[in-house]
Amino acid sequence: MSISKDETMLAPLPPFDPTKPSTPISFPIKTLQDLASRSYFDSFHFPFNRSSVSLRQNIGSLPDRSRLLVCHDMKGGYVDDKWVQGCGNNKGFAIWNWYLMDVFVYFAHSLVTLPPPCWTNTAHRHGVKVLGTFITEWDEGKATCKELLATKESAQMYAERLAELAAALGFDGWLINIENVIDKVQIPNLKTFVSHLTKVMHSSVPGSLVIWYDSVTVEGRLAWQDQLNEMNKPFFDICDGIFMNYTWKENYPKASAKIAGERKHDVYMGIDVFGRGTFGGGQWKANVALDLLKSSDVSAALFAPGWVYETNQPPDYHTAQNKWWSLVEKSWGIVQTYPQSLPFYSDFNQGLGSHVSLQGQKLSDAPWYNISCQSLQPLLEFNEGNKSEAMQVMVDGREASYNGGGNISFKGTLKRNAHYTTRLFKPNLKLSGSHISVSYSVKSDERSMLGLLLRFSTPSQETKSLIMAPNEYMHRFGDMFLPCLRRTTSDWTVHETNLLMDGHTLTEISALCYGPDDLAEETNTQGYSALLGHISIKSQQKTKPFPPASAWVVEAHNIEIVPGDSGSRTLNCKLQWRLKHPEEDSVFTRYNVYAEKLNSSDDKSRKVMEEPRSEKVFLGTAHVDAYYISDMVVGPDVKKVKFVIQTCGEDGSWQELDASPNILVEAERLSSKLCCCGLI
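Residues numbered from 1 in each chain as written. Predicted model: local features only at pLDDT ≥ 70, side-chain atom pairs only at ≥ 80, totals over all residues. Heavy atoms only, no water.

Novice: What's the story with empty space enclosed by the protein in this structure? I'm lost.
Specialist: If a probe as big as a water molecule is rolled over the atoms, it shows which places are left empty. Counted according to the given criterion, the structure contains five cavities of 30 Å³ or more. By volume, the largest cavity is sized at about 100 Å³. Taken together, Phe48, Arg50, Val84, Gln85, Pro117, Asn121, Ser372, Thr621, Ala622, His623, Val624 and Ala626 make up the lining of the largest cavity. Of all the secondary-structure elements, those providing two or more residues to the lining of the largest cavity are helix 3 (117-125) and strand 30 (616-622). Of the residues belonging to the lining of the largest cavity, the class tally is six nonpolar, five polar and one charged. (1 Å grid on protein atoms, 1.4 Å probe; cavity = no way out; pocket = protein on both sides within 12 Å on 5 of 7 lines; lining within 4 Å. Points joined across faces, edges and corners; volume = space filled by probe spheres on them. Helix = DSSP H or I, 4+ residues; strand = E, 2+ residues; numbered from the N terminus. Nonpolar A, V, L, I, M, F, W, Y, C, P; charged D, E, K, R; others polar.)

What follows is the structure in structure tokens.
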């Protein structure tokens, strides 16, 4: 019997089996049974969901000041971000304003919401802690809690399961949200659950957090208090903080601070960005509540900043997002400073784009989304002025990139003999007696010059400024000028200088835009257009080379080849790699994965990046030591597929492809079989 197209489209999808090989995804745990059984660790997807970026070494306890917590809650969670290796929707939801927050919570309405690793990776890179969510709701939640809290031992066991998940996946704790009635006799066990979770988290993940949501009271009633009082303080006293419901009144923050005493900064007053009953109205007036909370010397919790994205705020997502977060900055200020250590590297990648480049050469022109790829984000100031008069500065993924898919675009006009400066980063980088190398890449027209302004604090606490710019402009900047070497790569110019700043602290990196000296007096202004591709600061001390290909073991598991039309085949397999003799200083958190389809049994004479090479394919980026190949079409003439794993360094460097580890998967000998699984 033939099946019509309409019937095919309506056919139900097979149930998701997490133990079977498939494109890696992030997903929640929905039942206590699955939590208790530890079945998540048997999932095919578990190894892919481990975060690979650790928090900065100096991040322990949160600073004793008003803090900003951001609670994700975007379209129910697990949208484009569930695809661990990324997806093709470059219009997906992202956050790049990490310098304004201390804690990020991934929120969804499943029992155990595990943060997709992309959020943990990029938040950690910026010094922000990440929490998952444990939530129970409605009648189902009441039944769940009855089982969870049946005994003191069950409460402790489930707390230990949650702590184990956080430690294994690399995130920093939990938001506990019990949004249902609790039998009063079980309140002692609920306290045991919270206190034991806090204790076990602290021992297994130093610096971790357990935060209680203002919902159920110590009497077991579901009654949001909107302030710290005797109904919720017993929970506050046994964990690291409380997230207050967002319908509080004007005097509640100060009243809560008074009750919290020395722990007033552990009180996070909620603000619903959608504005549902929230003080000040949320939305474009969320800063009204922030201003009050800052003056009350308590902390704030922004709930659902995805409002900008979900409601399609005009004129476009990027502009609206930057404008909304600029209101947060004006109210709250910058709370994260970076870089704080070397090496420092940023190509301004926002974790989404319309292409991927490497050293100015385009590897792919396909749209993509992978928040794990987000590099340290610049602290760009939002300018809503007249576009014809102001310099417009923005990350623009549509423009060319030096590395990755990002850049900083500068477009506008400059007056004669004028220059324009704007901040890029606010570091707190203490420099030693070793030389450092500073480099940046630029793509611009001949009359649009772009330099870097570096500001330092001297050992005597004075300010010193230095300017990196092309050598022919030395006369403009006098004693501040740093001579640069210059080289051209593709359409990009890379400027590099070396300097010794013993005892100085780098406190600011700004862009400096200027034009040529030959502008005639009658020409008052000229157009300006330039792209900044990357900034790198690293020690000049000799760095350890990448391990050679022979130092790696690369394996292909779960190989599946399915015949297709006209002799073609579809290949699925899991690539996995490891160093034969791993060393502590050889830990890598990023790999580019390539495929080369070979028509000959002998590939030794063919280099992976040799041109012209129509077979060469950039597949994507891995942030763990594994990558899943999904639905790769292999033509009838292809005998083997060579997969190459390109190791990338934290300083923006990468291993040459011809020296990178690789593996050959023989497609020819498997092609006669409908399906073949195993290890090559």
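More follows now that the structure is in view.
Novice: Is there a simple way to explain the sheet that holds strand 31 (residues 626-634) in this structure?
Specialist: Taking strand neighbours across the sheet as the criterion, the three strands line up as 27-28-31 in an open arrangement whose pairing is antiparallel. Edge positions in the sheet fall to strand 27 (552-563) and strand 31, since each of these pairs with one other strand and no more. When the angles between neighbouring strand axes are averaged without regard to direction, this sheet yields 20°. Bridge count between strand 28 (residues 569-579) and strand 31: seven bridges; the pairing is antiparallel. In the sheet register, Lys574 faces strand 31, and the bridge partner there is Tyr628. (Pairing = 2+ DSSP bridges. Axes fitted to C-alpha atoms, helices over the stretch in contact; angles between N-to-C directions.)

Novice: Just checking my understanding: could you explain the layout of surface pockets for this structure?
Specialist: Estimates place the volume of the second largest pocket at around 660 Å³. Together, 35 residues line the second largest pocket, and Asn322, Phe382, Gln392, Val393 and Met394 are the ones closest to its centre. Listing elements by their share of the lining of the second largest pocket, those giving two or more residues are helix 11 (317-332), strand 15 (392-394), strand 16 (408-415) and strand 17 (419-425). In terms of residues, the lining of the second largest pocket owes the most to one element, helix 11, which gives seven residues. Split by domain, the lining of the second largest pocket shows at least three residues from each of two domains, domain 1 (67-78 + 98-332) and domain 2 (344-539). (Domains from an automatic or database assignment.)

Novice: For this particular structure, what's the right way to read the UniProt feature "domain: Cytosolic endo-beta-N-acetylglucosaminidase TIM barrel" (unreviewed entry) in the protein chain?
Specialist: Mapped onto this numbering, the UniProt entry annotates "domain: Cytosolic endo-beta-N-acetylglucosaminidase TIM barrel" (unreviewed entry) at residues 79-355. The span residues 79-355 is 36% helix and 17% strand, and its two end C-alpha atoms sit 21 Å from each other. (UniProt positions renumbered as here; feature names shortened; annotations may be inferred.)

Novice: Where do I start with the environment of Lys544 in this structure?
Specialist: Mapped onto the elements, Lys544 comes out in the loop between strand 26 (525-539) and strand 27. Taking the relative accessible area as the measure of exposure, Lys544 reaches 46% and is therefore partly exposed. (Buried < 20%, exposed > 50% of the residue type's maximum accessible area, 1.4 Å probe, protein only.)

Novice: I would appreciate a short explanation of the packing of aromatic side chains in the present structure.
Specialist: Between two aromatic rings, the relevant description is the distance of the centres plus the angle of the planes. Here the structure, examined in full by the defined rule, presents 34 aromatic pairs. Relative to Tyr309, the ring of Phe93 has its centre 5.7 Å away and its plane inclined at 70°; by these criteria the two rings are edge-to-face. Of the two residues, Phe93 is situated in the loop between strand 1 (68-71) and strand 2 (103-105) and Tyr309 in helix 10 (residues 307-310); the sequence distance between them amounts to 216 residues. In this structure, Lys323 packs its charged tip against the face of Trp284, placed 5.1 Å from the ring centre. (Phe/Tyr/Trp six-rings, centres within 6.5 Å; stacked < 30°, edge-to-face > 60°. Lys NZ or Arg CZ within 6 Å of the ring centre and 35° of its normal.)

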